[in-house]
Amino acid sequence: MRLIVTTFAGIVFGFFLGASFPTLSLTKMNLPSSLFPSLDLAYIEDKYSGLSTQALLNIWSSLRRNKGTKNPGSAKIWVPTNPGGAERLAPGIIESESDFYLRRLWGLPNEDLVVKPKYLMAFTVGYDQKKNIDAAVKKLSENFTILLFHYDGRTSEWDEFEWSKRAIHISVRRQTKWWYAKRFLHPSIVATYDFIFIWDEDLGVENFDPEEYIKLVRKHGLEISQPGLEPNGGFTWQMTKKRDDSEVHKETEERPGWCTDPHLPPCAAFVEIMAPVFSRDAWRCVWHMIQNDLVHGWGLDFALRKCVEPAHKKIGVVDAQWIVHQTVPSLGNQGKAENGKAPWEGVRERCRTEWKMFQDRINAAERIYFEAMGIDPPNSTIV
């Protein structure tokens, strides 16, 4: 009986004694920090402020037990400055650019390339023009990567040329060079090249030296250029005709009324789309301007100026290195006869339609932009 009374009295005394003390703060207890490694006691106390001291101690004990259990999703990588879609990767593993360098299937990767080409020469070809392409490729040094887009599906026949074994061949029937360029020459794929040549197949190159051409392009600060065209090689713009009294020219005089501004196409800031050469930076802009569904590229030559500034100084024609446009209507033969029209007529009609569509799109896009910015649109638009 005495034991029971003593126990009951102790319980009552302990209850009143505990109730008389203020709430105990873990953060004010003079305990060594080693007892609470990597644990924010202030955070626990704040989060569970309504609990008793014993309850807080129980929470801490539970957290200690769970510390050794790793949560696979607790440590995540998220880098907003990474390329879109790669935010979950550590920046050090990201490879955002590629190239057309051919590599071995053996050995060490850093020993694959004896020479890293600095320029890309891309031709859109049919096998019937093999002599032209062979002559052009034989002018290229080891500084060039050779890329052939085959619109006729004939690729294996090119093996008669030794250089074909080190060229890149891409074959899709009945497509144009701008269709290929939009799909296979993304700026991140060609970023290793200083200059990108995107040429037709019907060009005579007897008077053209690629290395000398690039020297002149660098000398005169051209971001977008083309070789001069032999003046008697058929219809061409005055701007792109070769001159005999200069290395490079950047402006010309056209027929009366053709140029609203001497610094605008076709009197300046203008090259044709048959043999353009782009710097890496200029091509990054031009590629984004090429419309995915407009395959002929008509009208693009008048809009190239939007990708460099000042365009009338950074777009020009190299006279000292010139070519002959043979005007072979190879693409016309890739068309289809419809509604009583010859294949080439349907192709030409599509070219004109695309030119009008491209004009409308770029003018509308610029108008919408300027209106959204509260700016009066400039008077000059593409021709």
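Residues numbered from 1 in each chain as written. Predicted model: local features only at pLDDT ≥ 70, side-chain atom pairs only at ≥ 80, totals over all residues. Heavy atoms only, no water.

Looking at an unreviewed UniProt entry, one finds the protein named Lysine ketoglutarate reductase trans-splicing related 1, with Rhododendron simsii as its source organism.

Student: What should I look at first to understand the overall build of the protein in this one?
Tutor: A tally of regular secondary structure across the protein gives ten helices and nine strands. Surface summary for the protein: the accessible area is close to 22700 Å², and the carbon and sulfur share equals 54%. (Helix = DSSP H or I, 4+ residues; strand = E, 2+ residues; numbered from the N terminus. Areas by Shrake-Rupley, 256 points an atom, 1.4 Å probe, with all protein chains shown as cover.)

Student: Which parts of the structure should I look at to understand the confidence of the model for the protein?
Tutor: Detailed reading of the predicted coordinates is not advisable wherever pLDDT is low. Averaged over the protein, the pLDDT score is 85; the fraction of residues at 70 or greater is 79%. The model gives residues 21–51 a pLDDT under 50, and that stretch makes 29 contacts with residues more than four places away or in other chains. (pLDDT = per-residue confidence, 0-100. Contact = heavy atoms within 4.5 Å.)

Student: Is there a simple way to explain the packing of aromatic side chains in this structure?
Tutor: By convention here, two paired aromatic rings are described through the distance between centres and the angle between planes. Tallying each qualifying case throughout the model produces 25 aromatic pairs. When the centroid spacing of 5.6 Å and the interplanar angle of 80 degrees are considered together, the rings of W237 and F302 count as edge-to-face. Of this pair, W237 sits in the loop between β6 (224–229) and β7 (248–249) while F302 sits in helix α8 (residues 300–303), placing them 65 residues apart in sequence. For the pair shown, W237 and F302 are each scored as buried. Taken together through their ring pairs, the aromatic side chains of Y119, F123, F144, F195, F197, W199, F208 and Y213 make up a single cluster. (Phe/Tyr/Trp six-rings, centres within 6.5 Å; stacked < 30°, edge-to-face > 60°. Buried < 20%, exposed > 50% of the residue type's maximum accessible area, 1.4 Å probe, protein only.)

Student: Even after reading the chapter, I still don't get the packing of helix α5 (residues 177–184) against helix α7 (residues 280–289), so can you show me in this structure?
Tutor: Pairs of packed helices are described in terms of their axes, by the angle between the two and the distance that separates them. Relative orientation of the contacting elements α5 and α7 amounts to 110 degrees, with a least axis distance of 10 Å. Taken together, the axis directions place α5 and α7 in an arrangement best described as roughly perpendicular. Note on packing geometry: the crossing formed by α5 with α7 is left-handed. Where α5 abuts α7, its residues W178, A181 and K182 lie against W283, W287 and H288. (Axes fitted to C-alpha atoms, helices over the stretch in contact; angles between N-to-C directions. Parallel < 35°, antiparallel > 145°, perpendicular 65-115°, else oblique. Left-handed = near helix turned anticlockwise from the far one by under 90°.)

Student: Got a minute to help me understand the nonpolar core in this structure?
Tutor: General note: in soluble globular proteins, nonpolar side chains tend to be found buried as a group. By size, the foremost hydrophobic cluster in this structure holds 45 residues, and its most contacted members are L147, W178, L185, I224 and W283. Looking at this core element by element, the count peaks at five residues for α7. One finds F123, A136, L229 and A275 within the second-largest nonpolar core, a separate group that totals 34 residues. (Core = buried A, V, L, I, M, F, W, Y, C linked by side-chain atoms within 4.5 Å.)

Student: It is not clear to me how the state of the cysteines should be interpreted in this structure. Could you clarify?
Tutor: Cysteine pairs can be covalently joined through their sulfur atoms, and such a bond is termed a disulfide. Going through the model one piece at a time under the given rule, you end up with two disulfides. The side chain of C259 participates in a disulfide bridge whose partner is C267; the two sulfur atoms lie 1.8 Å from each other. In this structure, the disulfide formed by C259 and C267 twists by about 90 degrees around the S-S bond and is classed as right-handed. Note on C259: relative accessible area 23%, which makes it partly exposed. Disulfide pairing places C285 opposite C307 at an S-S distance of 2.0 Å. Here C285 and C307 share a disulfide; its torsion about the S-S bond, -70 degrees, makes the bridge left-handed. Residue C285 is found in helix α7, and its partner C307 is found in the loop between α8 and α9 (311–314); the two are separated by 22 residues along the sequence. (Disulfide = S-S within 2.5 Å.)

Student: Whenever I open this one, unusual backbone geometry confuses me. Can you help?
Tutor: Cis geometry is found at the peptide bond from P265 to P266, where omega equals 0 degrees. Structurally, P266 is set in the loop between β7 and β8 (277–279). Not every positive phi belongs to a glycine, and R174 is a case in point at roughly 55 degrees. Position of R174 relative to the elements: it lies in the loop between β3 (168–171) and α5.

Student: Help me out: how do you make sense of the environment of Q291 in this one?
Tutor: Within the secondary structure layout, Q291 lies in the loop between α7 and α8. We classify Q291 as partly exposed; its relative accessible area is 25%. Along the chain, Q291 and W178 lie 113 residues apart, while their C-alpha atoms are 9.0 Å from each other. Excluding residues within four positions of it along the chain, Q291 makes contact with F358 and R361.

Student: Quick question: what am I supposed to make of empty space enclosed by the protein here?
Tutor: The gaps of empty space that remain are located by a probe, the size of a water molecule, rolled over the atoms. Taken as a whole and judged by the stated rule, the model has three cavities of 30 Å³ or more. As for the largest cavity, its lining consists of M289, I290, Q291, L294, G297, W298, L300, E354 and F358. Partitioning the lining of the largest cavity into residue classes produces six nonpolar, two polar and one charged. (1 Å grid on protein atoms, 1.4 Å probe; cavity = no way out; pocket = protein on both sides within 12 Å on 5 of 7 lines; lining within 4 Å. Points joined across faces, edges and corners; volume = space filled by probe spheres on them. Nonpolar A, V, L, I, M, F, W, Y, C, P; charged D, E, K, R; others polar.)

Student: Quick question: what am I supposed to make of helix α10 (residues 343–373) here?
Tutor: Residues separated by three or four positions in an α-helix point in the same direction, a consequence of the helix having 3.6 residues per turn. The first and last C-alpha atoms of α10 sit 45 Å apart over 31 residues, in line with the 45 Å expected at 1.5 Å per residue. Every buried residue belonging to α10 is among V347, C351, E354, F358, Q359, I362 and F370, and all of these are buried. Along its buried surface, α10 packs onto α7 and α8. Once α10 finishes, G374 follows within two positions and takes phi at roughly 75 degrees, a positive value. (Expected span 1.5 Å × (residues − 1).)

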